[in-house]
Amino acid sequence: MQEDLDAPARKRAHNLAHDLVEKLTQSILLGQLSPGDKLPSENAIVQEHGVSRTVVREAISKLQASGLVETRHGIGTFVIERAAEQGLRLNVDTALGVRSILELRLGLETQAAALAAQRRSEQQLLQMRQALDDYQRLLANNDSCVEADRRFHLLIAEATGNVCFSEIMQHLGSAMIPRHRLNAAERGAADLSKLGQLANLEHEAIFNAIKRQDADAARAAMWLHLSNSRDRFSAQG
């Protein structure tokens, strides 16, 4: 009888640990916690997330098993450098490679945008807005806006609540931004500033749909953005 009573409590603790693992993993994959960074103390995590010490210890154990962190006794738990993935090799250094990545993203990010519209938090929405504001400021100053562009797309992946989206987007890195990958010979006389301005308008449409929590509109806006990007670069190829 006691075992039956304890089962729901164990299940709740397991679910809380799973949720905490997801949150910490997202922070690592998005670069909010970098290799060498020390995780907050056990007490700090308990206070921040409102969970028990048992839940925190289970979550840390799972992160260790995933090869994301290591615990140094008496010092703390640290993010470690992830081993290079051997199973996925992507050629993103040519125009053909750029178009191939865009085709991959058409499938991946349209669904991510729809899920983000359904699941995003207000904090995540504020972070997306900040990324777009940074993008516009950098574009206006004729500075590189690749980091802000990449951050916006990563935040959408994070807002899905599904770590698999964040992980594959993190793997793509700066390759997800076509303007960054084309070499000078292939760019030719292409006006990358104009491309950046067009992308900005498309980003705003994606953001507004996610803000309204309109999954169908978010999916359509992302599809339009990525298909337009593909067509623009196909025209230059």
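Before reading further, recall that the structure is shown in the block above.
This is a predicted model, so every value here is computed, not measured.

S.K.: Explanation requested: the nonpolar core in the structure shown.
M.R.: Here is a general trend for soluble globular proteins: nonpolar side chains tend to be buried in one another's company. Judged by nonpolar contacts, the single largest core of 33 residues is most densely connected at Met-128, Phe-152, Ile-156, Ile-206 and Ile-210. Listed by contribution, the elements that provide at least two residues to this core are helix 4 (95-119), helix 5 (122-140), helix 6 (146-159), helix 7 (163-172), helix 10 (192-211) and helix 11 (215-236). For this core, the leading source of residues is helix 4, giving ten residues. When sequence neighbours within four positions are dropped, the list of residues in contact with Ile-206 reads Phe-152, Ile-156, Ala-221, Met-222 and His-225.

S.K.: Would you mind going over the pattern of salt bridges with me for this structure?
M.R.: Note that side chains of opposite charge can pair when their charged atoms are close. This structure, assessed with the given rule, holds twelve salt bridges. Linking Glu-109 and Arg-105 is a salt bridge whose minimum nitrogen-to-oxygen distance equals 2.3 Å. Here the residue Glu-109 and the residue Arg-105 both occupy positions in helix 4, the gap between them amounting to four residues, near one helical turn. Neither Glu-109 nor Arg-105 differs from the other in exposure class; each is buried. Between Glu-204 and Arg-129 there is a salt bridge; the shortest N-O distance is 2.7 Å. Note that Glu-204 is positioned in helix 10 and Arg-129 in helix 5, a separation of 75 residues in sequence. The exposure class of Glu-204 is buried, given its relative accessible area of 17%. Overall, the relative accessible area of 23% leaves Arg-129 in the partly exposed class.

S.K.: Where do I start with helix 3 (residues 53-65) in this structure?
M.R.: Since the α-helix turns once every 3.6 residues, residues separated by three or four places project in the same direction. Between its first and last C-alpha, helix 3 extends 18 Å over 13 residues, near the 18 Å set by a 1.5 Å rise per residue. Every buried residue belonging to helix 3 is among Val-55, Val-56, Ala-59, Ile-60 and Leu-63, and all of these are buried. Viewed along the axis of helix 3, the buried residues span an arc of 130°, placing them on a single side of the element. For helix 3, the exposed residues set more than 90 degrees away from the buried face come down to Thr-54 and Ala-65. Downstream of helix 3 by a residue or two, Gly-67 has a phi angle that is positive, lying close to 75°.

Each value, and the rule that gives it
- Counting restarts for each chain: residues are numbered from 1 in the order of the written sequence.
- Only residues with pLDDT of 70 or above have their local features reported here, since the model is predicted, and side-chain atom pairs are shown and tallied only from 80 upward, although totals for entire chains, interfaces and linings are computed over all residues.
- The basis for every side-chain value is the complete set of heavy atoms in the structure, and neither hydrogens nor water enter the calculation.
- For this analysis, a nonpolar core means a set of buried residues of the types Ala, Val, Leu, Ile, Met, Phe, Trp, Tyr and Cys, connected via side-chain atoms within 4.5 Å.
- Think of it in three bands: residues with accessible area under 20% of the maximum for their type are buried, residues over 50% are exposed, and the middle band is partly exposed, with areas taken using a 1.4 Å probe on protein chains only.
- Strands are runs of DSSP state E lasting at least 2 residues, helices are runs of H or I lasting at least 4, and numbering of each runs from the N terminus.
- Note on contacts: a residue pair qualifies if any of its non-hydrogen atoms lie within 4.5 Å across the two residues.
- Criterion for a salt bridge: a side-chain nitrogen of Lys or Arg within 4 Å of a carboxyl oxygen of Asp or Glu.
- In this analysis, the expected span of each helix is defined as 1.5 Å times one less than the number of residues it contains.
- Working definition: the arc comes from the directions between the helix axis and the C-beta atoms, pointing outward to the latter.

Distances and angles like these do not, on their own, reveal function.
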